[in-house]
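These are the residues of each chain, in order.
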Amino acid sequence: MAISIKNLNAALGAEIDGIDLSRPLTQDEVDVIASAWRTRLVIVVHGQRLSDPQLMAFSQYFGELDPPGPNPYGEPFNKEFPVINVISNVMENGRPIGNLGAGEAVWHADMTYIDVPPKAAVLYALEVPPGQGNTYFADMFAAYAALPADLKQAIAGKVAVHDASRNSAGLLRKGYKEVNDPRETVGARHPLVRTDPQTGRKALFLGRRPNSYIVGMELADSDALLDTLWAHVAKPRFAMCHEWQVGDLLMWNNLSVLHRRDPFDSNARRVMDRTQIKGDERIA
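Here's what I pulled together on the structure shown here. From a predicted model like this one, the values you see are computed outputs, not experimental measurements.

Some words on the pairing of strand β17 (residues 249-253)
Regular strands place their side chains on alternate faces of the sheet. Of all 5 residues in β17, 5 are buried, a share of seventy percent or more. Burial along β17 is two-sided: L249, M251 and N253 facing one way and L250 and W252 facing the other are all buried. Sheet topology places strand β3 (residues 42-45) next to β17; 4 bridges connect them, and they run antiparallel. If you follow I43 over to β17, its bridge partner there is M251. Pairing geometry for strand β9 (residues 120-127) and β17, over 5 bridges, is antiparallel. Counted as the bridge partner of V122 is M251 from β17.

Shown next as structure tokens:
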């Protein structure tokens, strides 16, 4: 079967069919996948069966692998292949085998608290509770384009601090202190508006809401402006929803997309492997 691309009936996202990602890909196949990823921001491939080395091999077609950020336990979940992060609620011998648990993961982009964040993330489903733990993605190009002119003017040139202390499930990372005043947030500083270097298109670049602060503003004013932006990007018209099946692989543009996850039954098993592609862009 020839590889095919089908755009999802949403603001972003495309399904790729007719390909087995466990085998070496041709350059033409890589180019087709990369093109869909650039234009639709999220790609979905169903029915895959990948070992850890095969997942890494697929990811490396799109750039150098980037180790995951620090987790609350201070050591890799996948000790044989530390560049693979495990996303799971499963407990073994009294401790979790992966990150994030079973609770909600709020809207966020990954590792924007560093100066050069990852440009892409890949998530592969090994075990999923049917109909639970859906993941949503929101297009930040579309969100910026839809801002009213006065709000675009209000955020022009503004820079925000991106908190490094907590992960997207709200857990404090090992080695970090509690942030009580967002003006004391530790993390990278990035413009609220990112310009894509290849296309010139502008996108909102927010990272995540907790502990965010717009540099130089009064705290109340910063909070009010950020709350307005976050309420805007959470509108359903910018988003797609993915209902997971075992064998699904998703890759998304981490610099132009926010994502979040629904909570699910903590007694159910959800196990996913994740890689990320090293960034090469300081946000501007």
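Some words on the nonpolar core
Among the nonpolar cores identified, the biggest contains 43 residues, and I155 and L204 are the most heavily contacted of them. If you tally residues by element for this core, the top one is helix α5 (residues 219-233), at 5 residues. With sequence-adjacent residues up to four places away left out, I155 is seen in contact with Y144, L147, L192, V193, L204, L225 and L229. In this structure, I19, I33, L65 and I277 belong to the second largest nonpolar core, which totals 25 residues.

Quick word on unusual backbone geometry
For L100, which is not glycine, the phi torsion reads 85° and is therefore positive. Relative to the helices and strands, L100 resides in strand β7 (residues 99-100). One non-glycine residue with positive phi stands out, namely M111, at about 55°. Relative to the helices and strands, M111 resides in the loop between β8 (105-108) and β9.

A short note on the environment of H46
Its location among the elements puts H46 in the loop between β3 and α2 (52-60). Linking H46 and I19, residues 27 residues apart in sequence, is a C-alpha distance of 9.4 Å. Apart from the residues within four sequence positions on either side, H46 is in contact with E15, H242, Q245, G247 and D248. Side chain to side chain, H46 and E15 meet in a polar contact 3.1 Å long.

Re the environment of G103
By secondary structure assignment, the location of G103 is in the loop between β7 and β8. The exposure class of G103 is partly exposed, given its relative accessible area of 32%. For the pair G103 and N89, spaced 14 residues apart in sequence, the C-alpha to C-alpha distance is 8.8 Å. Setting aside chain neighbours within four positions, we find G103 in contact with R261, D262 and P263.

A closer look at the sheet that holds β17
Pairing between sheet strands relies on hydrogen bonds along the backbone, with the strands arranged either parallel or antiparallel. Reading across the sheet, the 8 strands line up as β1-β2-β3-β17-β9-β19-β4-β7 and stay open at both edges, with mixed pairing between neighbours. Of all strands in the sheet, those bounded by a partner on one side alone are β1 (4-7) and β7. Relative to strand β2 (residues 14-17), β1 runs antiparallel, the two sharing 4 bridges. By the bridge assignment for β2, I5 is matched with I16. Docked against the sheet, helix α1 (residues 27-40) engages β1, β2, β3, β9 and β17, running at close to 135° with respect to β3. α2 contacts β9, β17 and β19 (271-277) of the sheet and is inclined by roughly 30° relative to β19.

Section: the packing of aromatic side chains
The full count for this structure, using the stated rule, is 2 aromatic pairs. Ring centres of F58 and F62 lie 5.2 Å apart, and the angle between their planes is 65°; on these two criteria the pair is classed as edge-to-face. Among the residues examined, F62 registers a relative accessible area of 13% and is labelled buried. Across the ring face of F141, the terminal group of R201 is positioned such that the distance to the ring centre comes to 4.2 Å.

A few points about the sheet that holds strand β12 (residues 189-191)
Spatially, the 3 strands line up as an open sheet ordered β12-β11-β15, and their pairing is antiparallel. Whereas interior strands pair on both sides, the edge strands pair on one side only; in this sheet they are β12 and β15 (213-214). Pairing of strand β11 (residues 159-161) with β12 involves 3 bridges; the strand directions are antiparallel. Looking across to β12, one finds that V159 is bridged to P191.

Remarks on the pattern of salt bridges
Taken as a whole, this structure holds 14 salt bridges when the rule is applied. One salt bridge connects K79 with E75, and the closest N-O pair in it is separated by 3.5 Å. Classification of E75 by relative accessible area gives partly exposed; the value is 31%. Note that E75 and R95 form a salt bridge whose closest N and O atoms lie 3.6 Å from each other. Here the residue E75 occupies a position in the loop between α2 and β4 (85-88), and R95 occupies one in strand β6 (residues 95-96), the gap between them amounting to 20 residues. Here R95 falls in the partly exposed class, since its relative accessible area comes to 37%.

About the thresholds
Residues numbered from 1 in each chain as written. Predicted model: local features only at pLDDT ≥ 70, side-chain atom pairs only at ≥ 80, totals over all residues. Heavy atoms only, no water. Buried < 20%, exposed > 50% of the residue type's maximum accessible area, 1.4 Å probe, protein only. Helix = DSSP H or I, 4+ residues; strand = E, 2+ residues; numbered from the N terminus. Pairing = 2+ DSSP bridges. Core = buried A, V, L, I, M, F, W, Y, C linked by side-chain atoms within 4.5 Å. Contact = heavy atoms within 4.5 Å. Polar contact = N/O pair within 3.5 Å; in protein donor to acceptor, adjacent residues only side chain to side chain. Axes fitted to C-alpha atoms, helices over the stretch in contact; angles between N-to-C directions. Phe/Tyr/Trp six-rings, centres within 6.5 Å; stacked < 30°, edge-to-face > 60°. Lys NZ or Arg CZ within 6 Å of the ring centre and 35° of its normal. Salt bridge = Lys/Arg side-chain N within 4 Å of Asp/Glu carboxyl O.

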